[in-house]
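If you want the building blocks of each chain, they are given just below.
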Amino acid sequence: MSTYVTAVLRTDEPPLMHEAVLEAVRLLKEGEVVALPTETVYGLAANALDANAVAKIFEAKERPTFDPLIVHLPHKQQLDLVADVPPEIAQTVKQLTERFWPGPLTLLLPKKPIVPDIVTAGLPTVAVRVSSNAVFKRVCSALDKPLAAPSANRFGSISPTSASAVMAELDGRIHLVLDAGASLYGLESTIIKVEPGSPKPLITIVRPGPLTPDDLKVYGKVKVATRTVVDEATEAPGQLASHYAPRTPLRLLSRPSDFIPEEGKRYALMSYRGEEKDGYLNLCEWEEVMMLSPGNGKLPEAAVRFFHILRRLDELGVDEIIAEPLHEHGMGIAMMDKLRRASRRP
Ligand code: TXA
Ligand code: MG
């Protein structure tokens, strides 16, 4: 593994933004990787059409090469560059991309030969999206190439929703991080597969995320794939059963009575809204209680804080993180999916 001095460049004022974008584009043109903000989580980007550059993503993340990457286009009009949209689903794909791009929606589509095999891990499909983040858009448009970008964390670890979280994961492994503050959604994009169907097309959510079944149901019959085993041929191969894991063991409860503290162990609670009536606050002398949605119980607010809180709880060095369950609708589907994966040990 190469070691670097990792620079973090701010983008919160126009001259800084200009400099930062220039530097990112310079490195990307040289075939290097750069961590960039997106509206979902921070990504580790490289020119998707340059197999050598893409290989550096796998190296920096220690990511196994069987796990394919998402390709981010500069503009939605460029979809045809990387994907062959089958005529049977062309109308639905058009409707979805018109409505949700740029934004947190990733589509699985048959790939064009221009996309190197390392990007798709040899699969015949490519995952594609267009980011709405202003900094990401500038970099991608100035480079005028699709960018392959997984979340900017080490493989299997917690996704970063800030530049400091990227540094905690990849400091010394990459040249540059562009800092654009906290991620807007805080959860990775919703990944879908579209198939023809009658009377409506079939939309399968392969990875739940910020766009929910309710958001998508206008465009087809929506199914959420509740998969916990790896099916390399069809679904998201990176969605390993044990994933998004803090180093501290995490246990997801179904109800308060599921938890009996052990003598001498230190526990921290990931609470949904921190209300006593929910029944979790008094279960033991918590080392720390952190709330996903302080007071109100709003799922989008919880989503923004989710990975940040998980990371903070992980830093405490307690024996176990105990997580309250969330409502399994809307963005709660994605967070419960991640909590289940985080609670499984490899
Ligand atoms: O919001 C996001 O999607 C972020 C930002 C940076 O764009 N990216 C992200 O990438 O979450 P990553 O690599 O952490 O997760 C991508 C997921 C993996 O589970 C991978 O297996 C799946 O997408 N994937 C990529 N290409 C695929 C393909 N051709 N078929 C099935 N699954 C695919
Ligand atoms: Mg990831």
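For the structure itself, consult the block above.
Below: a short report on this structure. Only a predicted model underlies this, so the values are computations on that prediction, with no experimental measurement involved.

### A few points about the overall build of the protein chain
Reasoning step 1: If you tally the helices and strands in the protein chain, you get ten helices and 15 strands.
Reasoning step 2: Here the C-alpha radius of gyration of the protein chain, 20 Å, is about what a compact globule of 346 residues would show, namely 20 Å.
Reasoning step 3: C-alpha extents for the protein chain along the principal axes are approximately 60 × 55 × 35 Å.
Reasoning step 4: Considering the protein chain as a whole, with its 346 residues, one finds that 53% of them fall into the buried category.
Reasoning step 5: Sequence-distant contacts, at least 24 apart, represent 67% of the contacts inside the protein chain between residues at least 6 apart.
Reasoning step 6: Between the averaged position of the 40 positive side-chain charges in the protein chain and that of its 44 negative side-chain charges there is a distance of 4 Å.

### Brief notes about the packing of aromatic side chains
Here a ring pair, both rings aromatic, is described through the centre-centre distance and the interplanar angle of the planes.
Reasoning step 1: Counted by the stated rule, this structure contains four aromatic pairs.
Reasoning step 2: A centroid spacing of 5.8 Å and a plane angle of 75 degrees characterise the contact between Phe100 and Tyr219, whose relative ring orientation is edge-to-face. Taken together, the residues Phe100 in helix α4 (residues 90-100) and Tyr219 in the loop between α8 (213-216) and β11 (221-224) connect sequence positions 119 residues apart. Neither Phe100 nor Tyr219 differs from the other in exposure class; each is buried.
Reasoning step 3: The interplanar angle of 15 degrees and the centroid separation of 5.5 Å between the aromatic rings of Phe259 and Trp286 together place this pair among those described as stacked. One end of the pair, Phe259, is in the loop between β12 (250-252) and β13 (267-271); the other, Trp286, is in the loop between β13 and β14 (288-291), with 27 residues separating them in the sequence. Like Trp286, Phe259 is buried.
Reasoning step 4: Through successive ring pairs, a cluster of aromatic residues spans Phe259, Tyr267 and Trp286.

### Concerning the environment of Val21
Reasoning step 1: Among the structural elements, Val21 can be located in helix α1 (residues 14-29).
Reasoning step 2: Once the C-alpha coordinates of Val21 and Glu88 are considered, the two residues, 67 residues apart in sequence, prove to be 39 Å apart.

### Section: the side chain of Asp314
Reasoning step 1: Relative to the assigned elements, Asp314 resides in helix α9 (residues 299-315).
Reasoning step 2: Of the buried charged residues, Asp314 lacks a salt bridge, with Arg247 as the closest side chain of opposite charge at 4.1 Å.
Reasoning step 3: For Asp314, the side chain forms a polar contact with the main-chain nitrogen of Arg247, separated by 2.9 Å.
Reasoning step 4: With residues up to four places along the chain from it excluded, the contact list for Asp314 reads Ile158, Pro246, Arg247, Thr248 and Ile321.

### Structural notes on the pattern of salt bridges
Pairs can form between side chains of opposite charge whenever their charged atoms are close.
Reasoning step 1: Taken as a whole and assessed by the stated rule, the structure comprises 23 salt bridges.
Reasoning step 2: Across the pair Lys94 and Glu98 runs a salt bridge whose closest N-O atoms are separated by 3.5 Å. Of this pair, Lys94 and Glu98 both sit in helix α4, four residues apart, which is roughly one turn of the helix.
Reasoning step 3: Note on Glu98: relative accessible area 46%, which makes it partly exposed.
Reasoning step 4: The shortest N-O distance in the salt bridge between Arg311 and Glu169 comes to 3.1 Å. Pair noted here: Arg311 is in helix α9 and Glu169 is in helix α7 (residues 163-170), with a separation of 142 residues, a long-range link. You'll find Arg311 and Glu169 in the same group, each marked buried.
Reasoning step 5: Residues joined by salt bridges that share partners form a network here, namely Arg273, Glu275, Lys277 and Asp278.

### As for the sheet that holds β12
Reasoning step 1: Strand order across the open sheet formed by four strands is β12-β15-β13-β14, with parallel pairing between neighbours. Each edge of the sheet is formed by a strand with only one pairing partner; in this case those strands are β12 and β14. Averaged over all adjacent pairs, the angle separating strand axes in this sheet is 20 degrees, with direction ignored.
Reasoning step 2: Packed onto the sheet, α9 meets β12, β13, β14 and β15 (320-323) and runs at close to 175 degrees relative to β13.
Reasoning step 3: Packing against the sheet, helix α10 (residues 332-342) makes contact with β12, β13 and β15, and its axis sits at approximately 130 degrees to β12.

### Looking at the packing of α1 against helix α6 (residues 134-143)
Pairs of packed helices are described in terms of their axes, by the angle between the two and the distance that separates them.
Reasoning step 1: One way to put it is that α1 packs onto α6 with a least axis distance of 9 Å and a crossing angle of 45 degrees. Considering the angle they form, α1 stands oblique to α6. Like other packed secondary-structure pairs, α1 and α6 cross with a definite hand, here right-handed. In this structure, α1 contributes Met17, Val21, Ala24, Val25, Leu28 and Lys29 to the contact, and α6 contributes Val135, Arg138, Val139, Ala142 and Leu143.
Reasoning step 2: For the contact of α1 with α6, the residue count by class is nine nonpolar, no polar and two charged.

About the cut-offs
Residues numbered from 1 in each chain as written. Chains lettered and ligands numbered in written order. Predicted model: local features only at pLDDT ≥ 70, side-chain atom pairs only at ≥ 80, totals over all residues. Heavy atoms only, no water. Helix = DSSP H or I, 4+ residues; strand = E, 2+ residues; numbered from the N terminus. Rg over C-alpha atoms; globule rule 2.2 N^0.38 Å. Buried < 20%, exposed > 50% of the residue type's maximum accessible area, 1.4 Å probe, protein only. Contact = heavy atoms within 4.5 Å. Lys, Arg positive; Asp, Glu negative; His and termini not counted. Charge placed at Lys NZ, Arg CZ, Asp CG, Glu CD. Phe/Tyr/Trp six-rings, centres within 6.5 Å; stacked < 30°, edge-to-face > 60°. Salt bridge = Lys/Arg side-chain N within 4 Å of Asp/Glu carboxyl O. Polar contact = N/O pair within 3.5 Å; in protein donor to acceptor, adjacent residues only side chain to side chain. Pairing = 2+ DSSP bridges. Axes fitted to C-alpha atoms, helices over the stretch in contact; angles between N-to-C directions. Parallel < 35°, antiparallel > 145°, perpendicular 65-115°, else oblique. Left-handed = near helix turned anticlockwise from the far one by under 90°. Nonpolar A, V, L, I, M, F, W, Y, C, P; charged D, E, K, R; others polar.

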